Amino acid sequence: MSESNNNFRFYDFHPPENDFKKDVLEGLHSNLRSIPPKYFYDERGSKLFEQITSLEEYYPTRCELEIFETYSQDIARSIGDRCVLIEPGSGNGDKARILLKLLKPSIFIPIDISKQHLKIAAQNIANEFSGLNVSAVCCDFSLQLKLPNQLPSDKRVIFFPGSSIGNFDPHEAIKYLENLALVAGENGQLLIGVDLKKDKTTLQMAYDDRKGITAKFNLNLIMRMNRELGADFDMDAWRHRALYNDIDGRIEMHLTSQSEQLIKIDDSEFFFDKDEFIHTENSYKYYIEEFQELANQAGFHSQNVWLDQNKLFSVHLFVCK
């Protein structure tokens, strides 16, 4: 089903709605108790994350924008003229705007699962870039990317900024990159943001800031379970915890129980010991060569890589083999 208006088209592939209750109950019943990180982003969680991206300790957003500003012309030359620009998880499209001004693609395809948010953001871009064709696609991009039929034959460039690839375990990341390679097609390109391994202090501070915004972001999951599922979590009995796992090369975020307690959600009961935790997110970090090898396994060949001045973050350009 599609809607169109001048240079704007909207395709709704009716992605299945997330089953918050089902995923929470399954996650809390598992041996390693966990909740998928996608549930961070209700209205309050999304606003808190916007605050996180502007924190002094949270370098990824700032460093990625620095890379695009510093190397914009080099990035544009490396990609070339006329392309189909595809952005999974497009959000408000702020980062895509930088590329749209540089590349002047034949068509821009923002993809997201949040129907109303996507429609508004994509329509704003269509209004802002009057000569640009915008075809927004509502689907679950974490499962399978869906594209409109009859796209221009220009080279496809997939834009995946923000280090979101770090939320996948490495074997899941390879599978996801394989899917991106299929969508990009022969000689297609992938422009992707990847956070780098660095000293433990810098990493942990980025996920446990002095103002406590990230703690509020993590604890918002408990507020959401109480509000939407009728759970009886005591907000004062839980703490945010972020640590860097040296062995796996990832930041782990946890909600940690401060005492022995029993939690009820409908007919289900969950007993927590003191210091027992709920795992809420992984964020993998990579060395440059390490991520290039990961992408190579998925069918991509490294074309270029750019770093910020302090070498905290990387933007990679790959081409399909």
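Here goes a summary of the coordinates provided. Fair warning: this is a prediction, and the values are worked out from it, not measured in the lab.

1. A look at the packing of aromatic side chains
So, point 1. Overall, the coordinates contain 16 aromatic pairs when judged by the stated rule.
So, point 2. On the numbers, 5.9 Å between centres and 40 degrees between planes, the contact of Phe49 with Phe217 is tilted. Of this pair, Phe49 sits in helix H2 (residues 43-53) while Phe217 sits in helix H9 (residues 213-229), placing them 168 residues apart in sequence.
So, point 3. Each ring, one from Phe68 and one from Phe159, has its centre 5.8 Å from the other, and the planes form 70 degrees; the classification is edge-to-face. One end of the pair, Phe68, is in helix H3 (residues 59-70); the other, Phe159, is in strand E6 (residues 155-160), with 91 residues separating them in the sequence.

2. Topic: the environment of Asn220
So, point 1. With respect to the element layout, Asn220 can be found in helix H9.
So, point 2. Judged by its relative accessible area of 1%, Asn220 is buried.
So, point 3. Considered as a pair, Asn220 and Asp94 are 126 residues apart in the sequence and their alpha carbons are 25 Å apart.
So, point 4. In contact with Asn220, not counting residues within four places along its chain, are Phe40, Asp42, Arg44, Gly45 and Leu48.
So, point 5. There is a polar contact of 2.9 Å between the side chain of Asn220 and the side chain of Asp42.
So, point 6. A polar side-chain atom of Asn220 sits 2.9 Å from a polar atom in the side chain of Arg44.

3. Side note on the pairing of strand E14 (residues 313-320)
Looking along a regular strand, one sees the side chains alternate between the two faces of the sheet.
So, point 1. The element E14 is largely enclosed, with a buried count of 8 among its 8 residues.
So, point 2. Taken together, the 7 bridges between strand E7 (residues 189-195) and E14 define a ladder with antiparallel strand orientation. Counterpart to Leu190 in the pairing with E14 is Phe318.
So, point 3. Pairing of strand E13 (residues 300-307) with E14, which is carried by 7 bridges, proceeds in the antiparallel orientation. Across the sheet, residue Leu307 finds its bridge partner in E14, namely Ser314.
So, point 4. The turn joining E13 and E14, which pair antiparallel and follow one another in sequence, is formed by 5 residues; a positive phi near 55 degrees is taken by Lys311.

4. What to know about the sheet that holds strand E12 (residues 277-284)
So, point 1. Ordered by their spatial adjacency, 3 strands build an open sheet running E8-E9-E12, and the pairing between neighbours is antiparallel. The sheet is open, and its two edges are formed by strand E8 (238-245) and E12, each paired on a single side. Between one strand and the next, the sheet's axes are offset by a mean angle of 20 degrees, whatever the strand orientation.
So, point 2. Where strand E9 (residues 250-257) lies against E12, 7 bridges are found, and the strand directions are antiparallel. Bridge pairing in E12 places Glu252 opposite Asn282.

5. Brief notes about the pattern of salt bridges
So, point 1. Counted by the stated rule, this structure contains 23 salt bridges.
So, point 2. Here Glu56 and Arg210 are joined by a salt bridge, their closest N and O atoms 3.5 Å apart. Of this pair, Glu56 sits in the loop between H2 and H3 while Arg210 is found in the loop between helix H8 (200-206) and H9, placing the two residues 154 residues apart along the sequence. A single burial state applies to Glu56 and to Arg210, both of which are exposed.
So, point 3. For Glu252, the salt bridge is made with Arg250, and the minimal N-O distance between the two is 2.9 Å.
So, point 4. Here the residues in one salt-bridge network are Asp42, Arg224, Arg227 and Glu228, joined through shared partners.

About the cut-offs
Residues numbered from 1 in each chain as written. Predicted model: local features only at pLDDT ≥ 70, side-chain atom pairs only at ≥ 80, totals over all residues. Heavy atoms only, no water. Phe/Tyr/Trp six-rings, centres within 6.5 Å; stacked < 30°, edge-to-face > 60°. Helix = DSSP H or I, 4+ residues; strand = E, 2+ residues; numbered from the N terminus. Buried < 20%, exposed > 50% of the residue type's maximum accessible area, 1.4 Å probe, protein only. Contact = heavy atoms within 4.5 Å. Polar contact = N/O pair within 3.5 Å; in protein donor to acceptor, adjacent residues only side chain to side chain. Pairing = 2+ DSSP bridges. Axes fitted to C-alpha atoms, helices over the stretch in contact; angles between N-to-C directions. Salt bridge = Lys/Arg side-chain N within 4 Å of Asp/Glu carboxyl O.

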